Structures are given as C-alpha cells and as structure tokens.
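# Notes for the structure review
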Amino acid sequence: MNGGFKVEVLAYRSLSGSHDPFTAQTIFFANQAGLQLKQVKITLQNSEAQLEAGALHFMHGRLDVDNKSGGMAGIGKAMLNKMLTSEAAFKPRYRGTGELYLEPSFGHFLVYQLRNEELIADKGLFFCSEGSLEVGIAMQKNVSSAFLGGEGFFQTRIKGSGICGSELPVPPREIRFIQLNNETLRVDGNFALMRTGNIEFSVEKSTKSLFGTLTSGEGLLQTFRGTGKVWLAPTKGVYQRMQMGGIGSLAATPKSSNTTT
C-alpha cells in the first residue's frame, strides 16, 4: 500500500451463474476463450481517490464523496477537459478509510506509480488515481503531431506522485515498454499509448527525401525523441482488423502505413 492507497485488479476465474440458455452459451465461449471478468478494487486508509464519473460499482467503510466543481471557472475547465480528452467532465473524489469497487468489465487495466513525473496518455485511458495526482489536458507541441499523429490536438496529462490506473485496449502482457535514453523511437501506426519523461512527440517522414519515403513503403511515422518511457500496444491493430474483417483479415500482413491501425 502506497501511503494508505492501494489498487488491485481482481479477476473472476469463470462465470457460471446464468439461467438463460443464450447468455449461458455466450459465457461458455467466453470462458473457453480465456476471457476473464475483471474489477478494480481500491483500498483507502485515511487517503483519497479520484475516479472517472460512473466508474464506481459499490463501496463500504467510512468514506466521504466530494464532487466540487470549483465554481464557474471549475465548471468551464471541467467541460473543456471533457470535450478535449473524451473523459468525464467531473471526477468524484472519495476520502477516508474503506474500499471502493469499480464497475466490472472484460477490459484490461494497467496500474502505474508516478514518482514526481508527468504521464501523457491517449484520450479515454484514465480510469482512477490517487487523489494527490493532477489530471488535466496536454496540448500537442507541434502541428504535425496534432494533425497527423492520430491523437488530435489534446491528450490526457497526469502529473505528480501517486498511483494511477488506466484502461488499456489490449492485455497488459501484450504491452511493449520502451525505455529511451536520448534515443529515437519511430512507430508506423497509432498504437503508442502513453509516455513519460522528456520526450518530444512529432510525426515525420520515414526518410529524409521524398523519393526515399515513396520507395520505402513507409509514409509518416509517429516519432518519439528524447529520454523517458513509451508504452506500445503492437497488437491493438490486430484486434481492430479482426473485428472488421474476421480472422481472414490476418492472412496477409499490411504492406503500407496507409493501413488503419
């Protein structure tokens, strides 16, 4: 437990409670495929948590709920955050001692501890955090990343020291963690989820010359340059392709960065 704050991801090994044949069939295939229903549990000991609005399932203990807007200025800022980051306008805070259980889902979760640092995450990934963390918006620093990076002009900024939980598009075991030490990472696709440290994000041509870019088969690449950490989800596009075209869509690998990922 980190200073009275603890996050756990609970997994139900299997589901077997349905009395409806259709639902039971769906559950059977989910169990066979290894899908596990998960639920985030937060334990507080004289501490504070902030959640995405609507994330709470149930709670017990000596806990107070605070969803102050901070006046008209606070409401304006919250609505701006909602519009720009696809996250809830107001994030309720829970203070005291007790346990919070968040809404269960078949989704995937990552728990990360910030140590006086800043985490830039894709819109919609934030799920919960320690109350000591500041959650806001981060604006792209150059035109290329805003228009061509696939992230839009704004992402979510989580800043300070404390634990945060994010909802991932793929299982945590499929995440590739890249540590940069005054290096460059180039990604062909939109599957970089988060980054920390002193990293500059831009979108660049794959080669210095136009002819080289055309003949290399690679177009514009998301580029991360500097020192810090980057989280990649290489299988994100695989699941998207299967959802759209079935397993047959993986019969051949895409040969161009024009393929949607």
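Fair warning: this is a prediction, and the values are worked out from it, not measured in the lab. (Residues numbered from 1 in each chain as written. Predicted model: local features only at pLDDT ≥ 70, side-chain atom pairs only at ≥ 80, totals over all residues. Heavy atoms only, no water.)

### Here we look at helix H1 (residues 21-32)
This is how it is decided: By the criteria applied, helices consist of DSSP H or I runs no shorter than four residues and strands consist of E runs no shorter than two, each listed in order from the N terminus. One less than the number of residues in a helix, times 1.5 Å, gives the span that helix is expected to have.
When the terminal C-alpha atoms of H1 are compared, their 16 Å separation across 12 residues agrees well with the 16 Å that a helix rising 1.5 Å per residue should span. Trailing H1 by a residue or two, glycine 34 shows a phi angle of about 85°, which is positive.

### Description of the packing of aromatic side chains
Keep this limit in mind: When the centres of two rings from Phe, Tyr and Trp lie within 6.5 Å, Trp using its six-membered ring, the rings pair. Their planes under 30 degrees apart give stacked, over 60 give edge-to-face, and anything left gives tilted. Think of it in three bands: with a 1.4 Å probe and only protein chains considered, a residue is buried below 20% of the maximum accessible area for its type, exposed above 50%, and partly exposed in between.
Applying the stated rule across the entire model yields 6 aromatic pairs. The interplanar angle of 10° and the centroid separation of 4.4 Å between the aromatic rings of phenylalanine 58 and tyrosine 101 together place this pair among those described as stacked. With phenylalanine 58 in strand E3 (residues 56-66) and tyrosine 101 in strand E4 (residues 93-102), the pair connects residues that are 43 residues apart, well separated along the chain. Judged by its relative accessible area of 39%, phenylalanine 58 is partly exposed. Between phenylalanine 109 and phenylalanine 127, the ring centres sit 5.2 Å apart and the planes meet at 40°, which makes this aromatic pair tilted. Of this pair, phenylalanine 109 sits in strand E5 (residues 108-121) while phenylalanine 127 is found in strand E6 (residues 126-130), placing the two residues 18 residues apart along the sequence. For the pair phenylalanine 109 and phenylalanine 127, a shared accessibility class is recorded, and that class is buried.

By themselves, these observations are geometric and do not establish any function.
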